Amino acid sequence: MPKNQFQRMMFALITVAITVNAYVFYSLYVVNGNSLMASTGADTVWHAIQAQGGVYMFGRMMPVPALILIEFCFAYTLECTMGSPCSFKLACRNFDPGQTNPVLFEAAIICATVGLMVPAMSFLATLFYYPYYEGFRISTLIANWLRLICFNLPFAYLSQLFFIQPFVRRVFKLIFVRE
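We now turn to the structure provided with this report. Sequence order as written defines the numbering, with residues in each chain counted from 1. This being a predicted model, a pLDDT of at least 70 is required before a residue's local features are given, and a value of 80 or more before pairs of side-chain atoms are given or counted; all residues contribute to the totals for chains, interfaces and linings. Values shown for side chains rest on all heavy atoms present in the structure; no hydrogens or waters enter the calculation.

1. Quick word on the overall build of the protein
And then number 1: Strands here mean DSSP runs of E at least two residues long; helices mean DSSP runs of H or I at least four residues long; both are numbered from the N terminus. Broken down by element type, the protein carries 6 helices and 2 strands.
And then number 2: The buried label applies to any residue whose accessible area, calculated with a 1.4 Å probe on protein chains only, is under 20% of its type's maximum; exposed applies above 50%, and partly exposed to all values in between. Residue burial in the protein is summarised as follows: out of 179 residues, 36% are buried.
And then number 3: By definition, residues are in contact when any of their heavy atoms lie within 4.5 Å. Excluding contacts between residues fewer than 6 apart, the proportion of contacts in the protein whose partners are at least 24 apart in sequence is 62%.
And then number 4: Note on areas: these come from Shrake-Rupley sampling with a 1.4 Å probe, and a residue is covered only by the protein chains present in the view. For the protein, the accessible area works out to roughly 10,600 Å², and carbon and sulfur atoms hold 67% of it.
And then number 5: When charges are counted, Lys and Arg contribute as positive and Asp and Glu as negative, whereas His and the chain ends are disregarded. Charge positions come from single atoms, namely NZ of Lys, CZ of Arg, CG of Asp or CD of Glu. Computed over 11 positive and 7 negative side-chain charges, the separation of the two mean positions in the protein equals 6 Å.

2. Comments concerning helix α1 (residues 5-31)
And then number 1: Any helix carries an expected span of 1.5 Å times its number of residues minus one. Between its first and last C-alpha atoms α1 spans 36 Å; for 27 residues at 1.5 Å apiece the expected length is 39 Å, and the two agree.
And then number 2: One side-chain oxygen at the N-terminal end of α1 lies 3.2 Å from the backbone nitrogen of F6; it belongs to N4. By the criterion applied in these results, polar contacts are pairs of N or O atoms within 3.5 Å in which, for protein atoms, one can donate a hydrogen and the other can accept it, and in which residues neighboring in sequence qualify only through two side-chain atoms.

3. Considering the pattern of salt bridges
And then number 1: Only one rule defines a salt bridge in this text: a Lys or Arg side-chain nitrogen within 4 Å of an Asp or Glu carboxyl oxygen. Within this structure, the stated rule accounts for 1 salt bridge.
And then number 2: R169 serves as the salt-bridge partner of E106, at 3.4 Å between the closest nitrogen and oxygen. Taken as a pair, E106 in helix α5 (residues 102-128) and R169 in helix α6 (residues 138-175) lie far apart in primary sequence, 63 residues in all.
And then number 3: On the basis of relative accessible area, R169 is assigned to the buried category, the value being 13%.

4. Looking at the nonpolar core
And then number 1: Membership of the largest hydrophobic core comes to 22 residues, with the highest contact counts inside it found for L28 and I49.
And then number 2: Looking at this core, the elements that each hand over two or more residues are α1, α3 (45-51), β1 (55-57), α4 (64-94) and α5.
And then number 3: Take this core: its biggest share by element is 6 residues, from α4.
And then number 4: Every residue in contact with I49, bar those within four places of it in the chain, is listed here: L28, L36, G54, V55 and V64.
And then number 5: The nonpolar core is taken to be a set of buried Ala, Val, Leu, Ile, Met, Phe, Trp, Tyr and Cys residues, with the residues joined through side-chain atoms within 4.5 Å. In this structure, Y23, I110, V118 and A156 belong to the second largest nonpolar core, which totals 6 residues.

By themselves, these observations are geometric and do not establish any function.
Here it is, written out as structure tokens:
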């Protein structure tokens, strides 16, 4: 897979671009869709988002493309600085890359990445979407963070292991053809 720093950055870019869109869709439609429609009386989630003037983030309503861009910037930075390097080290602690089946080793890296990134990004999302209009309480922040981890962790493991990473690896191989 990635052989140098540029390729690692491109691999992370492709992964994060797909992942952030998937998680925004998952969060808006699957996790919060019914409550959004109930609060606005809309018949679809998209109409509910439009009716309320966007999605609540940073204490105000923002359009969906803006929140995707903000989450992308934070996720890409976290992936490049913490997710990829630490997940590879964690996988190497438990498996020898030279003697382990490559599929198993890649699965270990994916699981380690999810185990690191979900709590980190869930914490950031908790800060981004915190109901500041109610006043700030650390107990509410922690409860919302743990709730978000519980929603995101199963989705993250399954989507990364079975859909996103296989797709990203296929795209990466098409872009960076072996010389």
